[in-house]
Amino acid sequence: MGDGADERAAASAADAALADLWARYVAGRDAALRDRLILHYAPLVKYVAGRVGSGLPAHVEQADLVSYGTFGLIDAITRYEPSREVKFESYAMARIRGAIIDELRSTDWIPRSVRMKAREFERTVASLETKLQRSPTDSEVAQAMGVEVEEIRKFLGQLSLVNVVALDELLGDDEGGAPRLVDTLKDTSALDPQAMAEHGEARQLLARAVEQLPDREKVVVSLYYFEGLTLAEIGRVLGVTESRICQLHTKAVLHLRTKLADIA
């Protein structure tokens, strides 16, 4: 009993110290205090970089992702307002992920040929879904595109970096960017019924689109986005390789884009 009480007391003291650190930083925006917050939340960067990196090609260095994400953490600390009713960790993870994705996009590591195949794949899937009234299989897509099934699967693996943003950008703006989390934070001093209605509708559209996915793709989406498993962990759960899970994840994202366009 004594050990448990000591642990709770220590945790409470740590929470109070962190709250005090935030209060002092917000009051004066002192660089030294900001640096202490960066060190405290640094593990968040490694976590998000690990999640993003799990679906990328092997040549993408984890250290580079951490470096990109650190700029997102600094931005999050600078912009965060403790008075808003959102945990900093949730806010920061979105900023960190966004910084990593922005940097990956700016380097444009994906060949034009792969991007063209992505568009062809989406058009083919949309056409087959209209014709078959269901999601097409790999074999059906390959036949429609005039290629072998193995070529489709290889292409989906190459496409993983294109779809690193995945579900985060499906409901984004016209330029393909994900909505900033700061735009969805609760403001206790004002209500915006229209924004609330639009956000709820967007969530419903996405939920309907996920429900229409083939069973295995639906499982991958659920385990990755809602249960927090990595692609490697999902592979162990389903008894297939990580590369196969990466392909299924990419297929799911492409299918969802098509379905959301149809639903909306």
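Residues numbered from 1 in each chain as written. Predicted model: local features only at pLDDT ≥ 70, side-chain atom pairs only at ≥ 80, totals over all residues. Heavy atoms only, no water.

**Student:** Explain the pattern of salt bridges to me, and be specific about the residues and the numbers.
**Tutor:** Under the counting rule described, the total for this entry stands at 11 salt bridges. Here Asp20 makes a salt bridge to Arg24, at a shortest N to O gap of 3.0 Å. Of this pair, Asp20 and Arg24 both sit in helix 1 (residues 2-28), separated by four residues, roughly a single helical turn. Its relative accessible area of 39% is what places Asp20 among the partly exposed residues. The salt bridge involving Arg34 is made with Asp35; its shortest N-O contact spans 3.3 Å. Residue class for Arg34 comes out partly exposed when judged on its relative accessible area of 27%. A relative accessible area of 36% means that Asp35 is categorised as partly exposed. (Salt bridge = Lys/Arg side-chain N within 4 Å of Asp/Glu carboxyl O. Helix = DSSP H or I, 4+ residues; strand = E, 2+ residues; numbered from the N terminus. Buried < 20%, exposed > 50% of the residue type's maximum accessible area, 1.4 Å probe, protein only.)

**Student:** Can you tell me about the side chain of Asp138, naming the residues and giving the values?
**Tutor:** By secondary structure assignment, the location of Asp138 is in helix 6 (residues 138-145). Judged by relative accessible area, which is 8%, Asp138 ranks as buried. In this structure, Asp138 is in contact with Val149, Arg153, Arg244 and Lys251, ignoring residues within four places of it in sequence. (Contact = heavy atoms within 4.5 Å.)

**Student:** How would you sum up the nonpolar core? Please name residues and give values.
**Tutor:** Formed by 27 residues in total, the largest nonpolar core has its most connected members in Trp22, Leu73, Phe88 and Ile100. Elements with a minimum of two residues in this core: helix 1, helix 2 (31-53), helix 3 (62-79) and helix 4 (88-107). By size, the runner-up hydrophobic cluster in this structure holds 12 residues, among which are Val114, Ala118, Val125 and Phe155. (Core = buried A, V, L, I, M, F, W, Y, C linked by side-chain atoms within 4.5 Å.)

**Student:** Explain the confidence of the model for the protein chain to me, and be specific about the residues and the numbers.
**Tutor:** Per-chain confidence: the protein chain averages 78 in pLDDT, with 77% of residues scoring 70 or above. Element-level mean pLDDT values for the protein chain span from 65 in helix 8 (residues 193-211) up to 93 in helix 3. Confidence over residues 169-198 falls short of pLDDT 50; this stretch has 33 contacts with residues more than four positions distant or in other chains. (pLDDT = per-residue confidence, 0-100.)

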